[in-house]
Structure formats: C-alpha cells, structure tokens
Protein chains: 4
Amino acid sequence: MATSSSDKRNAILHATLELIAERGFRGTTMALIVQHSGASAGTIYHYFESKDAIIHELYRCIKRQFGVALMAGNPNQLPWPDHLIHIWLSAFRFYAAHPMETRFLEQYENSPYQINWYEHELDEHMAALVQMLHRDIERGLIINLPLEVLYELTLGVAVSLAKRQIAGMLTLDERTQTEVAEACLRAVKR
Amino acid sequence: MATSSSDKRNAILHATLELIAERGFRGTTMALIVQHSGASAGTIYHYFESKDAIIHELYRCIKRQFGVALMAGNPNQLPWPDHLIHIWLSAFRFYAAHPMETRFLEQYENSPYQINWYEHELDEHMAALVQMLHRDIERGLIINLPLEVLYELTLGVAVSLAKRQIAGMLTLDERTQTEVAEACLRAVKR
Amino acid sequence: MATSSSDKRNAILHATLELIAERGFRGTTMALIVQHSGASAGTIYHYFESKDAIIHELYRCIKRQFGVALMAGNPNQLPWPDHLIHIWLSAFRFYAAHPMETRFLEQYENSPYQINWYEHELDEHMAALVQMLHRDIERGLIINLPLEVLYELTLGVAVSLAKRQIAGMLTLDERTQTEVAEACLRAVKR
Amino acid sequence: MATSSSDKRNAILHATLELIAERGFRGTTMALIVQHSGASAGTIYHYFESKDAIIHELYRCIKRQFGVALMAGNPNQLPWPDHLIHIWLSAFRFYAAHPMETRFLEQYENSPYQINWYEHELDEHMAALVQMLHRDIERGLIINLPLEVLYELTLGVAVSLAKRQIAGMLTLDERTQTEVAEACLRAVKR
DNA sequence: GATGAATGAGCGTTCATTCAT
DNA sequence: GATGAATGAACGCTCATTCAT
C-alpha cells in the first residue's frame, strides 16, 4: 500500500535527526544516513536535493511541531498572566520531552546553515505569540522593550534550561518549573 | 628580534578565531588557516598537535579573557544589588565588544568539542561569581533556586542578547542595557 | 556485463602487486595505485578499508596460490625421497616464475605488516608439507631437528635462490635446480 | 676533550639502529632520531647528507663488524672441514648475538635501499670467505656449484635460523647449532 | 522508485630537509 | 659545531554526489 508522503522519506528524516542529535552535522555523513535509514544513496537523492536540504527540511518540521506545542491548550483564552506561564511551561516541556529535536535546533541555530533562515522562521511560527506579547505591552501589563529582549527574558530561558536538563546538568521538577516561569514573568511584568 | 610566546603561534590563533567566527569549525580548513596566518602547515603542527588542539586552546584563552572582564572593577566590593547589575553589564559588553569570540564560544559550547570541558571551565572561571551568588542566596537576597537556573535568568540572557546584537537583529543602547539588567535582577530577587 | 568479484577490485590488487614489487610498500602510494589500477581513490576505499588491507589481502592471495603450487602433482603419492625433491622444485619454480609475488612476499615477511600473520599463515598453507615432514622424521628418514630448521635447510634455500635469480644475480638451469634440491636432501637425510 | 669521530655522530647511528630494529625504515622518522640521539636536526644534517645516508653508513658499519666476526679465530688455519663449521657457527652466533643489527640487515637487504649496494658489499666483506670456498672447490672437497648457491646452502641458512631465533620462534642450543652446521656441510660436501 | 558502485576534490596531517641565529 | 623554527610537497583517506542499471 502506498503512503501519502513515503515511508522512506520519513525514515531518512528520522535517521538524520537521530544522527545529528548524537554526532552533530559534521559527524552525520551520508553513508551513516544510508545505514540508519535503510534507504540507498540514490533514494535519498530522489527525495532530497542535498544533505543540506534534509537538514533544512528537518528544521522546518521541528519548528512547526514546536509552534503547535506552544499554542496547544489555547493559551490566548487564559487570563493574565496565566497565559504567559502556560506558554513558558509548554515551551520548557516541549524541549525537555524532545531531546533530539532540541539538540538539533541548538546546532542548527548556531551554524552557517541558519543564517539565511532564522528571522523568517521566527516570524512564521511565533506569529501568535508575538501578537499576544504586543497586546500585553499595549495594555501596559509588560515592560516596553523590544520583542527579542522579551523573548530572551522568558522563552530563551526555557530553552537554555531545557538544554541543561537534557545534558543531565540539572533536573527541574514541576514545582520548580513553575517557580522559574514566575521568575521570568517578574522580569517582564510592569 | 625574539618575541615572547612566538608571533607565528599568535597569528595562527588569531587567524583561526576569525575564520571560525565567519565560517564555523567545518568551514575552517587547515588550508585556510595556513593562508590567513601566514604560517605553513608544518609550522602550525609545530605549535599545535592538531586542528582540535588549536580550537581548545582558543577556547581556553577566550574563557580566561571573559573571566577577567567579568570581575574587572571589583564588583564584589559594590553594595547590593549594584554588583549584580555591574556584572551583568560587564558580561553583555564583553560579548557585544567581542563578536568573533562570542561566535566562537557559541559554536564551541554547542559541539562535540565542548562536552569534555564545559563544567570544568565553568567552575574555574566563574568561581568568584558563583561564590557571590551563594552569599546572596544565604542572605536571603535572591531566590533559592539551583545556580544553573540563576545563571540562565541573568548572564544567560546577556549572552543571548549579545548574540542577537552581533547578528544585527537589535541594538541595545546603554539605557536599555541597564533596564534589561534590572529586569534580570527582578527575576532572581526575593 | 557483470563480473564475478569485480574487475575494479582485481585491477586494484594487480596494480598494487606490480607497484610494491618494483617500489616497495613505502614507494607505493595510493595516488600511484589510482593511476595504475584505473580506479579512483573512492573506489579503492569502497573495496578495501585501507592501504594496509589491500596489502594483507594480496598476501593471503599469494600464499594461497603458493600453497596450491606446492602441492600440485600430488607429491605425497611419490616414493621417498622423490616427493621432497618434487616439492623443492615446485617451490623454486613457483618463486622463479612469479617474481612480483616473490618480491612482495619477501617485503611482507620482513615488515611490521607480517608480525601478526606469519605463524598462522605458515600453518594454514603448509599443513600438508608439515605433515609429510613429520611422517618422514618418525620413519627415521630425515634428521630429528625442529621443523623450522628443516624448512630453512630445504625450502628456505629455494626461496633465497629464487630471489637471487629474480634479481638477475644467477640463473639455475633445470639440471642445476635438481642438483641443489639433492644437496638440500643430503642436508636433512639421516 | 675531543673525540676521534664525534660522540654525536655515534649517538645518531646508534639511535637510528635501535629505531629501525624496532620500527622499520618507515617508522623511523628524523624527529624520532632527534629525540633518541640527543642531537638536533641541524646537527644530524651536519654529519650526514640525508636520512638515507645514515642508513647506508649503518649498513657499512654492520657489514664490517660481521666480516670481522666471521674471520675471527683464523678459520683458514683450521683443517678441513673444521673451518667451514667454524665459520658457520661464527655467522650464526654473530646474528643471534646482534638482534638489532640482524633486523636492520634483513630490512636493508629487502628494500629499495639495497639494490645499488648489494653485490659490491658482498665482495668486499666476504672476500676471504669466497677465496676459501674457491680453494675447496678446486681441491674437489665441495660440490661445483655457483658461489651464490653454496652461500645459500650454508651461511644463508645460518641467517634465516638466527632471524627465527631472534623472533622467538625457536632456540638452538650449542649442540643443535653444531648439528645444523654439519647438515649444511653435508649439503655442499662432495 | 530504487540501487550502490564510482567519482575526485579536498581534507587533516606528516616529515625530510633548510637556514638564520 | 650546534640549534630548532620553518617549510611545503606529498601522504592516506573521506564523503557529498552522480548515474547506469
């Protein structure tokens, strides 16, 4: 039975994600992707233009997943400031629950690959979040600083802490997660 | 005329820093280091065991510089909470003023290179900072959360914002820098 | 049209044999193997793990050929002492007729490459010969000295003389070959 | 106090001998000779034209030593066939007692280095031996075969067995040594 | 769609040799 | 005599990519 977007294609993406998470871009060779995906070199080049194309596609998929996770549970219907706490926890938990994806993202966003993509992707996936923050600034609920600053004071901290948890450098229980979310809120609250 | 610690050696380190900042580890080939440093391949291997050894040495140098910059101006003699604001600003300004070093660090700390080093280096260079934070926790001045969390809520934010400034995505004037430092302080203050 | 066991693979082995015979291991570079075999560097590494692997494989092939040549004509069915004369002549003629293989063997067996292999290979290819000698010792037909000694007094001499003939230092006609074989027999005969 | 032919020069030759015996020509780099000899690269090139020149010089020294050892005890004054037995034992014992020199010789004589040298050196160092064999052939005491053949039937066997003893593959006690010498004599005796 | 043998430019590294001091 | 920093051509090997089947 045929599949809508090919088992092989998914196997290639999945193998690449695993490999990059554990070996980095440099250590992820096409030969390794061939072995782990079960697809031949020729097949990989049938579905993707190049190794870089696989990586860019993977980035797009993961960003999409992350955007969905962030806005799950309709946070924009929660009262102030619960929606910010909710989003912070969603972000932290997404990263903590997806170590391979997180290790991929941190590598992608700190590499030559990313330079052409970054801003574009930020806008596309975070549009709803950005809108929410704008609204809260206008209402005088949070301090009037550039969006990038607000992002780093809140979700940026979530990413960094999730990375450390994945690396085994610390573990945040649910209670502490909420405490940190509240600390971030204090930082940006007027 | 003889030089202390060899001109060639410094030229190699400097060329490598520039190249990695603009092309990444992978894009920084020995051939490029040869061209930019003015040293031959043989000479490079006279001073360093391998390409990795150059990179590790560069990391050590930069971390040392950063540690010095952070503790410049004797922040531990300033009254609460000025010392934290002072350190935050020192960190941000160091990163913002050293774009190549910052781009290098972000790549190093997100790569296989770093895995063996990270915690050790953190302790060595940040000992004074860590001590300061411990003291403030004990005095009940800042919230009682793991040090890693406090780090990400404060200096972690400085790094991230400096990276964005280097990337040209925003510019923080001195006034705004202080506002962000104060926002970070609100996050960790009891 | 497909070939059994790949033309390229054989071309690589053959080119390597020729090159080592005339230039030694050190002088046989991968670039030269590429030129003489008609295979690209990548193809060579598709069939062999390393330059050393080519050399070890070549050794195995040649030893196999030699073992076959030695036992050709069913010498163990000949009466005493004709079977020893027969084997001696087979050995000498194999070496004399295969100068490249002989030059290869002499280099392989006097190099770090061989250290792990030598004894093992001796047993494997010479099993029948060893058995024959044992039998003749037990029957009191040849002197009771260690096998290695008996080997050097007989086939070892054949190798050395063949090497000299290949080097053009002397030429043994059929008559003289038999005389030398008989001299060797006198050495080991009780 | 000055030395007749420089300590450094001897240190270089000795270090090279040790290194080649245990690592071969390929594994003996100039850097290693620098370390083990205590002479700097510059000094080595003051005494020798090239790495090959060191090796050729070493060969000449060892051949000279060997020639001396072979003719020690004035074998040409011993009665037939004791002088041949005596020379055979001298040869075997020289090799067995000088493992580094023997390992060096076997590598030298199986390498591109040797091709230009071999015959010349044979004549020079073995002149006395050759003369002795000639005399014995004329007297009808030994078989009339080319000198090279007689060499391989006698001293050639001594070399090969000494190599095996050095490699730890067998050990010949004094009694057995004499038995083998006598076996070689039987091979060449009329 | 799928294969995998074949490619070759380019990689990090080595090492015999030189020469200013 | 002696040094050792400097050289650079050449080494063994890798790997993203292609294409005949």
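Reference entry: report on the structure contained in this document. (Residues numbered from 1 in each chain as written. Chains lettered and ligands numbered in written order. Predicted model: local features only at pLDDT ≥ 70, side-chain atom pairs only at ≥ 80, totals over all residues. Heavy atoms only, no water.)

As for the overall build of chain A
Working step 1: For chain A, the count of helices and strands is 10 helices and 0 strands.
Working step 2: Counting across all 190 residues of chain A, residues that qualify as buried make up 51%.
Working step 3: Contacts in chain A between residues far apart in sequence, at least 24 positions, make up 72% of those at least 6 positions apart.
Working step 4: Just so you have it, chain A exposes about 9,000 Å², and 51% of that area is on carbon and sulfur atoms. (Helix = DSSP H or I, 4+ residues; strand = E, 2+ residues; numbered from the N terminus. Buried < 20%, exposed > 50% of the residue type's maximum accessible area, 1.4 Å probe, protein only. Contact = heavy atoms within 4.5 Å. Areas by Shrake-Rupley, 256 points an atom, 1.4 Å probe, with all protein chains shown as cover.)

Considering the interface of chain B and chain A
Working step 1: Tallying the contact residues gives 34 residues for chain B and 34 residues for chain A.
Working step 2: With both chains or domains summed, chain B and chain A bury close to 2,900 Å², and 60% of this area falls on carbon and sulfur atoms.
Working step 3: For chain B, the biggest contributors to the area lost against chain A are B:Asn110, B:Glu152 and B:Arg164; these three give 21% of the whole.
Working step 4: On inspection of chain B and its partner chain A, the count reaches 2 salt bridges.
Working step 5: A salt bridge links B:Glu152 to A:Arg164; the shortest N-O distance between them is 2.7 Å.
Working step 6: For the pair chain B and chain A, the interface holds 7 residue pairs in polar contact (both at pLDDT 80 or more).
Working step 7: Looking at the side of chain B that touches chain A, the elements that each hand over two or more residues are helix H1 (7–27), helix H6 (99–108), helix H7 (118–138), helix H8 (147–153), helix H9 (155–166) and helix H10 (174–188) of chain B.
Working step 8: Class assignment of the residues belonging to the side of chain B that touches chain A gives a composition of 17 nonpolar, 4 polar and 13 charged. (Buried area = accessible area lost by both parts, 1.4 Å probe. Salt bridge = Lys/Arg side-chain N within 4 Å of Asp/Glu carboxyl O. Polar contact = N/O pair within 3.5 Å; in protein donor to acceptor, adjacent residues only side chain to side chain. Nonpolar A, V, L, I, M, F, W, Y, C, P; charged D, E, K, R; others polar.)

Structural notes on the protein's contact with DNA strand F
Working step 1: Near DNA strand F, the surroundings consist of 30 residues, among which A:Met30, B:Gly42, B:His46, B:Tyr47 and C:Tyr45 are the closest.
Working step 2: One of the side-chain N or O atoms of B:Tyr47 is found 2.4 Å from a phosphate oxygen in DNA strand F.
Working step 3: Listed by contribution, the elements that provide at least two residues to the surface near DNA strand F are helix H3 (41–47) of chain A, helix H3 (41–47) of chain B, helix H3 (41–47) of chain C together with helix H3 (41–47) of chain D.
Working step 4: Taken together, the residues of the surface near DNA strand F sort by class into 11 nonpolar, 15 polar and 4 charged. (Near = heavy atom within 4 Å.)

Quick look at unusual backbone geometry
Working step 1: With an omega dihedral of -10°, the bond running from A:Trp80 to A:Pro81 counts as a cis peptide bond.
Working step 2: You will see that C:Asn74, though not glycine, has its phi angle at about 45°, which is positive.
Working step 3: Along the chain, the position of C:Asn74 falls in the loop between helix H4 (51–71) and helix H5 (82–97).

Considerations on the protein's contact with DNA strand E
Working step 1: In the vicinity of DNA strand E, 31 residues are found, and the nearest of them are B:Tyr45, C:Gly42, C:His46, C:Tyr47 and D:Met30.
Working step 2: When atoms of DNA strand E within 4 Å of the protein are sorted by moiety, sugar and phosphate together comprise 65%.
Working step 3: Taking B:Met30, its main chain carries an N or O atom lying 2.7 Å from a phosphate oxygen of DNA strand E.
Working step 4: Note that a base oxygen of DNA strand E is positioned 3.1 Å from one of the backbone N or O atoms of C:Gly42.
Working step 5: Elements represented by at least two residues in the surface near DNA strand E include exactly H3 of chain A, H3 of chain B, helix H1 (7–27) and H3 of chain C together with H3 of chain D.
Working step 6: Residues that form the surface near DNA strand E fall into these classes: 11 nonpolar, 15 polar and 5 charged.

Considering helix H2 (residues 30–37) of chain D
All names here are of chain D.
Working step 1: Restricting attention to buried positions, one finds in H2 the residues Met30, Leu32, Ile33 and Ser37. Along the long axis of H2, the arc covered by the buried residues comes to 155°, so they all point the same way.
Working step 2: Taken together, the buried residues of H2 touch helix H1 (7–27), H3 and helix H4 (51–71).
Working step 3: A positive backbone phi angle near 80° is found at Gly38, which sits one or two residues after H2. (Arc of directions from axis to C-beta.)

Quick notes on the relation of the copies chain B and chain A
The relation between the two copies of this chain is a rotation about an axis and a shift parallel to it.
Working step 1: In the superposition of chain B on chain A (RMSD 0.2 Å, axial shift 0.0 Å), the rotation amounts to 179°. Both chain copies can therefore be described as sitting about a two-fold axis. In terms of proximity to the rotation axis, the leading residue of chain B is B:Ala187, whose C-alpha is 2.3 Å off the axis.
Working step 2: Take the interface residues of chain B: 97% of them recur as interface residues in chain A, which is what a same-surface contact looks like. (Least-squares fit on C-alpha atoms with pLDDT ≥ 70 in both.)

Structural notes on the pattern of salt bridges
For side chains bearing opposite charge, pairing can occur when the charged atoms are close.
Working step 1: Under the defined criterion, the tally for this structure stands at 30 salt bridges over all chains.
Working step 2: One salt bridge in this structure joins B:Glu57 and B:Arg60, with 2.4 Å as the shortest N-O distance. With B:Glu57 and B:Arg60 both in helix H4 (residues 51–71), this residue pair falls 3 residues apart, about one helical turn.
Working step 3: Looking at B:Arg60, the relative accessible area reads 26%, which means it is partly exposed.
Working step 4: Where salt bridges share partners, they join A:Arg9, A:Glu57 and A:Arg60 into one cluster.

Overview of the side chain of D:Lys51
Working step 1: By the element assignment, D:Lys51 lies in helix H4.
Working step 2: Not counting chain neighbours up to four residues away, the residues in contact with D:Lys51 comprise C:Arg26, D:Phe25, D:Thr28, D:Met30 and D:Tyr45.

Overview of the interface of chain D and chain C
Working step 1: Listed as interface residues are 35 residues of chain D and, on the opposing side, 34 residues of chain C.
Working step 2: Taking both sides of the interface into account, the surface hidden between chain D and chain C amounts to around 2,900 Å²; carbon and sulfur atoms contribute 60%.
Working step 3: Applying the counting rule to chain D against chain C returns 2 salt bridges.
Working step 4: On the surface where chain D and chain C come into contact, there are 7 residue pairs in polar contact (both at pLDDT 80 or more).

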